[in-house]
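Secondary and tertiary structure notes
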Amino acid sequence: MYVAAKGGEKAIRNAHALLAKRRRGNENLPSIGLDQIAAQLTLAVDRVMAEGSLYDVELAALAVKQARGDLIEAIFLIRAFRTTLPRFGSAQPLDTARMLVRRRVSATYKDLPGGQLLGPTFDYTHRLLDTSLDSSEIRSTESSSGVAEGAASSVARSVAEIMPRVTDLLGEEGLIEASPADDGGEPFDITRAPVSFPVDRATRLQTLARGDEGYLLALGYSTQRGYARSHPFVGEIRFGDVEVMFEAPELGFEVNLGTVQVTECQMVNQFKGSTEVPPQFTRGYGLVFGQCERKAMSMALVERALRWQELGEEPGAPAQDEEFVLSHCDNVQATGFVEHLKLPHYVDFQAELDLVRRMRSEHETEMKEAAE
Amino acid sequence: MSAMPAITYNFAYLDEQTKRMIRRAILKAIAVPGYQVPFAAREMPMPYGWGTGGVQVTAAVLGRDDVLKVIDQGADDTTNAVAIRGFFEKTARVATTTSTREATVIQTRHRVPETPLREDQILVYQVPIPEPLRFLEPRETETRQLHALAEYGLMHVKLYEDIARHGHIATTYAYPVEVAGRYVMDPSPIPKFDNPKMDDCPALQLFGAGREKRIYAIPPHTKVRSLDFEDHPFRVQRFAKPCALCAATGVYLDEVILDDKGGRMFVCSDTDYCNTRQEEGHRGEMSGASPSRQPFPPRGEGAEGGALHLSPPGRDRSEAAGEGASGGEVRP
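This structure is a prediction, so every number in the text was calculated from the model and none was measured.

**Re the overall build of chain B**
Helices and strands together make up the secondary structure of chain B, namely eight helices and 14 strands. Total accessible area on chain B stands at roughly 14,100 Å², and carbon and sulfur atoms take up 51% of it.

Okay, structure coming up:
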């Protein structure tokens, strides 16, 4: 007798058990510790925190492990957890001028107050596979740890004073548009309210900040290739630790909640000026949790491209299309909807099948009639 | 590193504030039938596009005494239905059922149950794209205006062009409807066969689109009209043969491929309806066949747990082959 299979539940359980086994891999090898992931796969953890919109190194490392290194899956795990957390208020705006700077470069000035600080970067490395990493090294050699310590102390020195941002220096001369003043209002929260287009700049920046790195990279790249060209310069890119300050209403003063690491990119772009405004530089802004310069720069390029309307520029390029750019930049949404095509669709397919068969038989009849 | 703190979740996963926000959106949706109410959809522990909207609506309306049924493609045992039902069993500890009659809340993807619904039931639809005009106009800013002005010419032109080009309205599922004489609404990707069931339905029908952050509703006993033309009235699919298992007619059937030589059979898409009829003694032409080899043996990793495929009998193919494909369409 024909019986519709009831194996679904059991099959799912078994598939999940198999997944757990595959995740663990060869059991003769030690399981990776979360501290190892956090310490050695730092940039993966950073990306998960940035696009997961949750600053928690330990949970992000757990997510990377649980997701078998699939970062979008890890981001998804973090998002699903984040959504259950209560909100007890908004922090004060981060003051990145007071950042404990670990890296800071400007492409617009050879030297500037605070100096150029290369910090940990892949830039200028030769991309040659380093086979010496294929060993369980415990400590780095004497000489390189000496260099690292030297670097650390130079960082400590640069912390003492506030490091002014390049855009602040340009701003003193009026060469760059002023950053919009803080109106003191509660910023829109895209995770707590539905977005409705057109959106304000804060909403746009929030959306981009959790947007997919690869997507923003491609869109940012497109602006460099003539689709909404904005003649960008990296005014400054800095990475380091910033204090998060919170003012509880019942206390009446600010409390330090701890520090977060962020990458900030201030892009300086050309602007021809208009009848009201003399020629001056404009800003594109990027801010990302952790060290992710690629994302911060892409974000700044796309953010600038989206400002075409207020700057009276010609529209038409993909990166300028707010609804298009913002509606599709979330990789958790995108991957879910793309991958939902794996779900059964046989009811709808049946309906289409029926129509195609009917239309084919009509077509055949018509052809026969035409031939007669 | 320090030990991870234990993580605990609220009844039906969402916190009470979120559920309150969703209930407000639902109330507004009921007050303005067919209108898409924006709501602050949360990230859920299942992927977008896999029913997060329906899950949030269900979580918001579910009480401890509710009996929940979850179907996907009309079936209770498809993988995603199993996963969602398991989610609520775990997070809300509510009773679940596969019986349409016993359920108080039914979450569905792509079907309306064949068993008529009652006033004490809620049908929650999972919606991928809530905007019926989306494929005619991709911009939300534009479609919002079109709805505000009840400017649905675009949709009528599309349906007309279908007729001009194909001789038919080439929309077979997610067939647009007009609700309470005002808003044009996407009924979610149910086959148009199910559209007439939405009209004057005694149950409350709620629609949740998580990724697109929209909720809409059809209150009980509301007029729901499938768009059509006087000379091209709305028609639904009709199957030439009854269900091969329970002999039901006038129901939506799934086509099951039996072999690689064109053999196929048609069975009820609604598994509960089909099983109930068989228990009542109804027999289709293939229900008496003896169990035989599975046409598709489980393959590869993860197949140990039993194949997800239906397992029809391996009887003589020539009987089933080429039959019952299309019975044309009829007016509902």
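**Digging into the overall build of chain A**
From N to C terminus, chain A includes 13 helices and four strands. Counting across all 372 residues of chain A, residues that qualify as buried make up 40%. Sequence separation of 24 or more characterises 65% of the internal contacts of chain A that already satisfy a separation of 6 or more. For chain A, the accessible surface area stands at approximately 21,000 Å², while carbon and sulfur atoms represent 57% of it.

**Digging into the packing of aromatic side chains**
All names here are of chain B. Following the criterion strictly, the structure yields twelve aromatic pairs over all chains and no others. A ring pair is formed by Tyr35 and Tyr183, whose centres lie 5.4 Å apart and whose planes are at 55 degrees; its orientation type is tilted. Here Tyr35, found in the loop between helix H1 (16-31) and strand S1 (37-38), pairs with Tyr183, found in strand S7 (residues 183-185); they are 148 residues apart in sequence, far enough to count as distant. Judged by its relative accessible area of 27%, Tyr35 falls in the partly exposed class. When the ring of Phe87 is compared with that of Phe88, the centres are 5.2 Å apart and the planes differ by 75 degrees; the resulting orientation is edge-to-face. Look at Phe87 and you get buried, because its relative accessible area is 12%. An aromatic cluster of three or more residues is present, and its members are Tyr9, Tyr13, Phe87 and Phe88.

**Description of the pattern of salt bridges**
Residues and elements named next belong to chain B. Evaluation of the coordinates by the stated rule reveals 47 salt bridges over all chains. We note a salt bridge from Arg111 to Glu114, for which the minimum N-O separation is 2.8 Å. Pair check on accessibility: Arg111 and Glu114 agree, each one buried. Among the salt bridges present, the one from Asp194 reaches Arg111, with a minimum N-O distance of 2.6 Å.

**Observations regarding unusual backbone geometry**
Cis rather than trans, the peptide bond between Phe197(A) and Pro198(A) has omega equal to -5 degrees. Unlike most non-glycine residues, Asp200(B) shows phi in positive territory, near 55 degrees.

**Overview of the interface of chain A and chain B**
Contacts between the two partners involve 60 residues from chain A and, on the opposite side, 85 residues from chain B. In this structure, the connection of chain A to chain B is made through five salt bridges. The shortest N-O distance in the salt bridge between Arg358(A) and Glu329(B) comes to 3.0 Å. Our count for the contact surface shared by chain A and chain B stands at 26 residue pairs in polar contact (both at pLDDT 80 or more). Of all the secondary structure elements, the ones that give two or more residues to the side of chain A that touches chain B are helix H1 (8-24), helix H2 (34-40), helix H4 (57-66), helix H5 (71-82), helix H12 (331-339) and helix H13 (346-371) of chain A. Looking at which element gives the most residues to the side of chain A that touches chain B, the answer is H13(A), with 13 residues. Here the side of chain A that touches chain B is composed, by residue class, of 29 nonpolar, twelve polar and 19 charged.

**Some words on helix H10 (residues 293-306) of chain A**
Residue and element names in this part refer to chain A. Along its 14 residues, H10 runs 20 Å from first to last C-alpha, staying within 8% of the 20 Å computed at 1.5 Å per residue. With twelve of 14 residues buried, H10 lies mostly within the body of the structure. Along H10, the residues that are buried comprise Glu293, Lys295, Ala296, Ser298, Met299, Ala300, Leu301, Val302, Glu303, Arg304, Ala305 and Leu306.

**A few points about the sheet that holds strand S8 (residues 204-209) of chain B**
Residues and elements named next belong to chain B. On the basis of which strands lie adjacent, the open sheet formed by seven strands has the order S1-S9-S8-S5-S4-S2-S3 and mixed pairing. Two strands close off the open sheet at either side, each with one partner strand: S1 and strand S3 (95-96). Two strands pair when backbone bridges link them, and strand S4 (residues 105-109) and strand S5 (residues 122-126) are joined in this way by four bridges, in the parallel orientation. The residue bridging Ile106 from the neighbouring strand is Leu123, located in S5. Along the sheet face, helix H3 (residues 79-91) touches strand S2 (67-72), S3, S4 and S5 and points at about 160 degrees away from the line of S2.

**Quick look at the side chain of Thr167(A)**
With respect to the helices and strands, Thr167(A) occurs in helix H7 (residues 166-172). The residues contacting Thr167(A), other than those within four sequence positions of it, are Ile176(A), Gln266(A), Val268(A) and Arg283(A).

**With respect to helix H4 (residues 140-148) of chain B**
Those residues of H4(B) not exposed but buried are Glu140(B), Thr143(B), Leu146(B) and His147(B). What you see down the axis of H4(B) is that its buried residues fit within an arc of 120 degrees, all on one side. Opposite the buried face of H4(B), by more than 90 degrees, sit the exposed residues Gln145(B) and Ala148(B). Elements that come into contact with the buried residues of H4(B) comprise helix H11 (322-327) of chain A together with helix H5 (153-166), S7 and strand S9 (214-218) of chain B. Two residues or fewer past H4(B), Ala150(B) is found with a positive phi of approximately 50 degrees.

**Some thoughts on the sheet that holds S7(B)**
Residue and element names in this part refer to chain B. Strands sit in the order S7-S6-S10 across an open sheet of three strands; the sheet is antiparallel. Each edge of the sheet is formed by a strand with only one pairing partner; in this case those strands are S7 and strand S10 (224-226). With direction set aside, neighbouring strand axes in the sheet form an average angle of 35 degrees. Examined bridge by bridge, strand S6 (residues 177-179) and S10 share three bridges and lie antiparallel to one another. Bridged to Val177 within S10 is Ser226.

**Concerning the packing of helix H3 (residues 42-52) of chain A against H5(A)**
Residues and elements named next belong to chain A. Running from N to C, H3 and H5 cross one another at 45 degrees; their axes reach a closest spacing of 8 Å. Of the possible angle classes, the one that applies to H3 and H5 is oblique. In this structure, H3 meets H5 at a crossing whose hand is right-handed. Residues Ala44, Arg47, Val48, Glu51 and Gly52 of H3 form the contact with H5, whose own contacting residues are Leu71, Ala74, Ile75, Ile78, Arg79 and Arg82. Taken together, the residues of the contact of H3 with H5 break down into six nonpolar, one polar and four charged.

**Observations concerning the side chain of Thr171(B)**
All names here are of chain B. Within the secondary structure, Thr171 sits in the loop between H5 and S6. Polar side-chain contacts of Thr171 include one of 3.0 Å to the side chain of Lys158. Among all residues touching Thr171, those that are not within four sequence positions of it are Lys158, Leu159, Asp162, Pro176 and Lys192.

**With respect to the packing of H5(A) against H12(A)**
All names here are of chain A. Close contact between H5 and H12 brings their axes to 10 Å; oriented N to C, the two are set at 110 degrees. Taken together, H5 and H12 sit at an angle that is classed as roughly perpendicular. Note on packing geometry: the crossing formed by H5 with H12 is left-handed. Touching Ile72, Ile75, Phe76 and Arg79 of H5 are Asn331, Val332 and Thr335, all from H12. Along the lines of polarity and charge, the residues of the contact of H5 with H12 split into four nonpolar, two polar and one charged.

**A word on the environment of Gln320(A)**
All names here are of chain A. Among the structural elements, Gln320 can be located in the loop between H10 and H11. Owing to a relative accessible area of 6%, Gln320 belongs among the buried residues under this scheme. In the structure, Gln320 is positioned twelve residues away from Trp308 in sequence and 6.8 Å away in space, judged by C-alpha atoms. In this view, Gln320 contacts Ala228, Ala305, Leu306, Trp308, Glu314 and Pro315; residues no more than four positions away in its chain are not counted. Looking at Gln320, its side chain comes within polar contact range of the main-chain oxygen of Glu314, at 2.9 Å.

Rules behind the numbers
Residues numbered from 1 in each chain as written. Chains lettered and ligands numbered in written order. Predicted model: local features only at pLDDT ≥ 70, side-chain atom pairs only at ≥ 80, totals over all residues. Heavy atoms only, no water. Helix = DSSP H or I, 4+ residues; strand = E, 2+ residues; numbered from the N terminus. Areas by Shrake-Rupley, 256 points an atom, 1.4 Å probe, with all protein chains shown as cover. Buried < 20%, exposed > 50% of the residue type's maximum accessible area, 1.4 Å probe, protein only. Contact = heavy atoms within 4.5 Å. Phe/Tyr/Trp six-rings, centres within 6.5 Å; stacked < 30°, edge-to-face > 60°. Salt bridge = Lys/Arg side-chain N within 4 Å of Asp/Glu carboxyl O. Polar contact = N/O pair within 3.5 Å; in protein donor to acceptor, adjacent residues only side chain to side chain. Nonpolar A, V, L, I, M, F, W, Y, C, P; charged D, E, K, R; others polar. Expected span 1.5 Å × (residues − 1). Pairing = 2+ DSSP bridges. Axes fitted to C-alpha atoms, helices over the stretch in contact; angles between N-to-C directions. Arc of directions from axis to C-beta. Parallel < 35°, antiparallel > 145°, perpendicular 65-115°, else oblique. Left-handed = near helix turned anticlockwise from the far one by under 90°.

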